[in-house]
Amino acid sequence: MVQAPSRSIDVQVFPPYSRRLSRAWLREVVELALDVRDEESPLSISLVVADDETVHGLNRDYRGLDETTDVLAFPLWESRSGEDNGVDGLPPEVSAPVGEVIISYPQAARQAREARKLVRAEMALLVVHGVLHLLGYDHADDDDKQRMWAVQDDVLARVPM
């Protein structure tokens, strides 16, 4: 009998920010966000904490927005044209790749300062927000936004600060 692996969560933090954030804590936040799924299938996800330049470049190249942003989510199950690329046919012991979340640490720090909250709280929000996007949540209209924000708030209430 083949046992399905647990979730595979790869966390990378650019060197200037590696002493400011715990990879284990970031991994835990991703896990809490993934817990909103009803399914038990194993998943593979990547989280990168980067600098403004990297996130700005990705935002420009993939979204056509020549500006810094706080978080980008790149789902692997959807192409840029919006077609479902799915991962059907993978053996049950293989973690299905979900996608990658990339966060600008400097932008998160600026937003935390403006909101007068801890950078850690802003990072948790951005991690959860990005993972929810990978899981198919969106805020394109008021109904979707209300649903996503409710789930996001539920997850954030469980994040250890």
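Residues numbered from 1 in each chain as written. Predicted model: local features only at pLDDT ≥ 70, side-chain atom pairs only at ≥ 80, totals over all residues. Heavy atoms only, no water.

Undergrad: Describe the side chain of D52, listing the residues and the values that go with them.
TA: On the secondary structure map, D52 appears in helix α2 (residues 52-63). Only 2.5 Å separates the side chain of D52 from the side chain of S104, close enough to count as a polar contact. In contact with D52, not counting residues within four places along its chain, are T68, S104, P106, Q107 and R110. (Helix = DSSP H or I, 4+ residues; strand = E, 2+ residues; numbered from the N terminus. Polar contact = N/O pair within 3.5 Å; in protein donor to acceptor, adjacent residues only side chain to side chain. Contact = heavy atoms within 4.5 Å.)

Undergrad: Tell me about helix α1 (residues 23-34), residues and numbers included.
TA: Its 12 residues give α1 an end-to-end C-alpha distance of 16 Å, which sits within 8% of 16 Å, the value for a rise of 1.5 Å per residue. Those residues of α1 that fall on the buried side of the exposure criterion are W25, L26, V29, V30, L32, A33 and L34. On its buried side, α1 packs onto β1 (8-13), β2 (43-50), α4 (119-134) and α5 (142-156). Capping the start of α1, S22 holds a side-chain oxygen 3.2 Å from the backbone nitrogen of A24, two or three residues further along. (Expected span 1.5 Å × (residues − 1). Buried < 20%, exposed > 50% of the residue type's maximum accessible area, 1.4 Å probe, protein only.)

Undergrad: Tell me about the environment of D61, and name the residues and values.
TA: Within the fold, D61 resides in helix α2. Reaching out from D61, the side chain makes a polar contact with the side chain of R60 at a distance of 3.2 Å.

Undergrad: Help me get a handle on the nonpolar core, residues and values and all.
TA: Counting 36 residues, the largest nonpolar core has L26 and M123 as the members making the most contacts within it. Elements with a contribution of two residues or more to this core: β1, α1, β2, β4 (96-104), α3 (105-115), α4 and α5. Looking at this core, the element that brings in the most residues is α4, giving eight residues. In terms of nonpolar packing, the next biggest core, distinct from the first, is built from five residues, V48, A50, L72 and I102 among them. (Core = buried A, V, L, I, M, F, W, Y, C linked by side-chain atoms within 4.5 Å.)

Undergrad: Could you give me a rundown of unusual backbone geometry, with the residues and numbers involved?
TA: You will see that R116, though not glycine, has its phi angle at about 55°, which is positive. For R116, a relative accessible area of 79% puts it in the exposed group.

Undergrad: Which residues make up the confidence of the model for the protein, and what are the values?
TA: Across the protein, the average pLDDT comes to 87, with 83% of residues at or above 70. Mean pLDDT across the elements of the protein ranges from a minimum in β4, with 89, to a maximum in α3, with 98. Taken together, the stretch residues 79-91 has pLDDT below 50 and engages in 15 contacts with residues farther than four places along the chain or on a different chain. (pLDDT = per-residue confidence, 0-100.)

Undergrad: Any details on the packing of aromatic side chains? Residues and values, ideally.
TA: One pair of aromatic rings is described through two measures. These are the centre distance and the angle between the planes. This model, assessed by the stated rule, comprises two aromatic pairs. Geometrically, the ring pair formed by Y17 and Y105 is stacked, given 4.9 Å between the ring centres and 25° between the ring planes. Remark: Y105 occurs in helix α3 and Y17 occurs in the loop between β1 and α1; sequence separation between them is 88 residues. On the basis of relative accessible area, Y105 is assigned to the buried category, the value being 7%. Consider the rings of Y62 and F74, whose centres lie 5.4 Å apart with planes at 70°: the pair is edge-to-face. Residue Y62 is found in helix α2, and its partner F74 is found in strand β3 (residues 71-75); the two are separated by 12 residues along the sequence. (Phe/Tyr/Trp six-rings, centres within 6.5 Å; stacked < 30°, edge-to-face > 60°.)

Undergrad: Describe the pairing of β2, naming the residues involved and giving the relevant values.
TA: A large share of β2 lies buried, amounting to seven of its eight residues. Sheet analysis places β1 next to β2, joined by six bridges and oriented parallel. Bridge pairing in β2 links S8 to S44. (Pairing = 2+ DSSP bridges.)

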